[in-house]
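Residue strings, one per chain:
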Amino acid sequence: MLNENSENKGLPMMSDDGDFINISTVEHQKQFDQNSEATKYPEVWARNIFNELNKEGFSNPKAKNQTWESKYFENNIDLIKGVITYSNSIYEHLNKKGLVNKGLCPITGEDINNDYFYEFYGRKVFISSIAKELMKEWDRNQHLELFGKEPTSHFQKIKATQDQIQEGGEKKKGRLMLIMWAILIVLLLFKFFIWNA
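Everything quoted here is computed from the prediction, not taken from an experiment.

*Asks:* How should I be thinking about the pairing of strand E4 (residues 123–127) in this particular structure?
*Replies:* Along any regular strand the residues' side chains alternate between the sheet's two faces. The buried count for E4 comes to four of five residues, which makes it a mostly enclosed element. Counting the residues that bridge the hairpin from strand E3 (residues 116–120) to E4 gives two residues, and of these Tyr 121 lies at a positive phi of roughly 50 degrees.

Here it is as structure tokens:
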């Protein structure tokens, strides 16, 4: 990291969009250093969780009761969804120790303001807006892997519900017409037999 008196010769660094840029100011270098620390945070967050769970003897359901290690999880999304929020006892223990929500996103390492979270039965893990989108994409990929097709979108669900309502309405109309014809035939038969009697 550069200090205020350092002379920066224009270090080539990768920008967010994948292009190389030159870091030519101390402020840019500080920002880069903070971003590189943020990218390490998810790994540190998971390691601290694994260490605590190993120390306290919690069994790892993904590893047939083996120790807690990152190799048993695809990423922190898998850890959050598959274990931390899924198991009440694990969540409560980690939350009491202050290891779940620490002010940084456990997926991206960004500062968070608790606007976004993943919740399962009241167990919340606060995340960044980018992490929320990453979680949606991870869910989509999991669905594709399990079912071999895209998950049903919100709009597709609404359309299917509307179609069912409309189809049900058409069936009711058909039944009403059938009942009306049956009543009309009964009335005509009744009228015919009464007048001919």
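*Asks:* Please clarify how the nonpolar core should be interpreted in this entry.
*Replies:* A general trend in soluble globular proteins is that nonpolar side chains are found buried together. One finds Trp 45, Leu 79, Ile 84, Leu 94 and Ile 107 to be the most contacted residues of the largest nonpolar core, which totals 28 residues. Of all the secondary-structure elements, those providing two or more residues to this core are helix H1 (26–56), helix H2 (76–84), helix H3 (88–96), E4 and helix H4 (129–147). Considering every element that reaches this core, the biggest residue donor is H1, with six residues. With near-sequence residues (within four places) excluded, Trp 45 lies in contact with Asn 76, Leu 79, Ile 80, Ile 84, Leu 99, Val 100, Lys 102 and Pro 106.

*Asks:* Explain the pattern of salt bridges to me, please; I cannot follow it from the model alone.
*Replies:* Pairing between side chains becomes possible if they bear opposite charge and their charged atoms approach one another. Here the structure, examined in full by the defined rule, presents six salt bridges. Arg 47 serves as the salt-bridge partner of Glu 43, at 3.2 Å between the closest nitrogen and oxygen. Separated by four residues within a single helix, Glu 43 and Arg 47 lie in helix H1, roughly one turn from each other. Among the residues examined, Arg 47 registers a relative accessible area of 40% and is labelled partly exposed.

*Asks:* Would you take a moment to explain unusual backbone geometry for this structure?
*Replies:* Note: most peptide bonds trans; most residues except glycine with negative phi. Positive phi values are uncommon outside glycine, yet Tyr 121 reaches one of about 50 degrees. With respect to the helices, strands and loops of the structure, Tyr 121 is situated in the loop between E3 and E4. The exposed category is assigned to Tyr 121, whose relative accessible area is 69%.

*Asks:* Looking at this structure, I do not really get H3. What am I missing?
*Replies:* Because the α-helix completes a turn every 3.6 residues, residues three or four places apart line up on one side. Turning to H3, its buried residues are Ile 90, Tyr 91, His 93 and Leu 94. Viewed along the axis of H3, the buried residues span an arc of 165 degrees, placing them on a single side of the element. Gly 98 occupies a position one or two residues after H3 and carries a positive phi of about 75 degrees.

*Asks:* Honestly, the packing of H2 against H4 in this entry has me stumped. Any pointers?
*Replies:* In a pair of packed helices, the angle between the axes and the distance between the axes together describe the arrangement. Contact geometry of H2 with H4 gives a least axis separation of 10 Å together with a crossing angle of 75 degrees. By the angle class used here, H2 and H4 are roughly perpendicular. Touching Ile 77, Asp 78, Ile 80 and Lys 81 of H2 are Leu 134, Met 135, Trp 138 and Asp 139, all from H4. Its residues assigned to classes, the contact of H2 with H4 shows five nonpolar, no polar and three charged.

*Asks:* Sorry if this is basic, but what is going on with a nonpolar patch on the surface here?
*Replies:* A cluster of nonpolar side chains, namely Met 177, Met 180, Trp 181, Leu 184 and Leu 188, defines an oily patch on the protein surface of about 540 Å² accessible area. Looking at the secondary structure, you find Leu 184 in helix H5 (residues 154–196).

Conventions used here
- Residues numbered from 1 in each chain as written.
- Predicted model: local features only at pLDDT ≥ 70, side-chain atom pairs only at ≥ 80, totals over all residues.
- Heavy atoms only, no water.
- Buried < 20%, exposed > 50% of the residue type's maximum accessible area, 1.4 Å probe, protein only.
- Helix = DSSP H or I, 4+ residues; strand = E, 2+ residues; numbered from the N terminus.
- Pairing = 2+ DSSP bridges.
- Core = buried A, V, L, I, M, F, W, Y, C linked by side-chain atoms within 4.5 Å.
- Contact = heavy atoms within 4.5 Å.
- Salt bridge = Lys/Arg side-chain N within 4 Å of Asp/Glu carboxyl O.
- Arc of directions from axis to C-beta.
- Axes fitted to C-alpha atoms, helices over the stretch in contact; angles between N-to-C directions.
- Parallel < 35°, antiparallel > 145°, perpendicular 65-115°, else oblique.
- Nonpolar A, V, L, I, M, F, W, Y, C, P; charged D, E, K, R; others polar.
- Patch = residues over 30% accessible without salt bridge, like charges linked within 9 Å, V, L, I, M, F, W, Y side chains within 5 Å.
- Areas by Shrake-Rupley, 256 points an atom, 1.4 Å probe, with all protein chains shown as cover.

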